[in-house]
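Residues per chain, in single letters:
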Amino acid sequence: MKDFTHFNGDGKARMVYVSNKDITERTACAEAHVMVNSETFALIQSGGMKKGDVLAVAQVAGIMGAKRTPEIIPMCHTLNLDGVDLELTLEPETCSVHVLAEARCTGRTGAEMEALTAAAVAALTVYDMCKAVQRDIEITGLRLVRKTGGAHGDYERV
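Below you will find a few notes about this structure. (Residues numbered from 1 in each chain as written. Predicted model: local features only at pLDDT ≥ 70, side-chain atom pairs only at ≥ 80, totals over all residues. Heavy atoms only, no water.)

Right, let's get into the packing of helix H2 (residues 54-67) against helix H4 (residues 112-130). Where H2 meets H4, the axes come as close as 7 Å, and the angle between the chain directions of the two elements is 145 degrees. The crossing of H2 and H4 is right-handed. Residues Val 54, Val 57, Ala 58, Ala 61, Gly 62, Gly 65 and Ala 66 of H2 pack against Glu 114, Thr 117, Ala 118, Val 121, Ala 122, Thr 125, Val 126, Met 129 and Cys 130 of H4. Here the contact of H2 with H4 is composed, by residue class, of eleven nonpolar, four polar and one charged. (Axes fitted to C-alpha atoms, helices over the stretch in contact; angles between N-to-C directions. Helix = DSSP H or I, 4+ residues; strand = E, 2+ residues; numbered from the N terminus. Left-handed = near helix turned anticlockwise from the far one by under 90°. Contact = heavy atoms within 4.5 Å. Nonpolar A, V, L, I, M, F, W, Y, C, P; charged D, E, K, R; others polar.)

And the structure:
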């Protein structure tokens, strides 16, 4: 258990102590894909969903998700986010919505969970807004794309 930072010496859950870490600028970027059929894709693209503009609502939902991350992920620190940006792109060749979320902060711990939560919540919102017209929507590929800052250095998925 000693390699896992969220466990104490007795193997019980704990929130990591970060006060001794340097305050640095940190960024994290995460992505997800929402796979839909061609009919659903056309409705998203044309703005024809009854619940409204799918991409605009999902973008706002992703930002809200990033801000609420410590409320739903038990060991996450509350961060003062400097910014959250979401880009939702329609990919006609795969009938999918690509979600790219970036979270930025200046602090003692990284924003990976906030970026991942933003991407997940945006993808779930696309699902929610489209489920009335398609029941077999699939969310895939939720993952960290890159991060900067912190003691462990930068990371970029290859």
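So, on to the pattern of salt bridges. Counted according to the given criterion, the structure contains six salt bridges. For Asp 128, the salt bridge is made with Lys 51, and the minimal N-O distance between the two is 3.4 Å. Residue Asp 128 is located in helix H4, and its partner Lys 51 is located in the loop between helix H1 (38-46) and H2; the two are separated by 77 residues in the primary sequence. In this structure Asp 128 comes out as partly exposed when scored by relative accessible area, which is 33%. Close ionic contact of Arg 146 with Glu 102 constitutes a salt bridge, the shortest N to O distance being 4.0 Å. Here Arg 146 is found in strand E4 (residues 138-148), whereas its partner Glu 102 is found in strand E3 (residues 96-107), with 44 residues between them in sequence. For Glu 102, a relative accessible area of 23% gives the class partly exposed. Three or more residues joined by partner-sharing salt bridges are found here, namely Lys 51, Asp 128 and Lys 131. (Salt bridge = Lys/Arg side-chain N within 4 Å of Asp/Glu carboxyl O. Buried < 20%, exposed > 50% of the residue type's maximum accessible area, 1.4 Å probe, protein only.)

The analysis is restricted to geometry; functional conclusions fall outside its scope.
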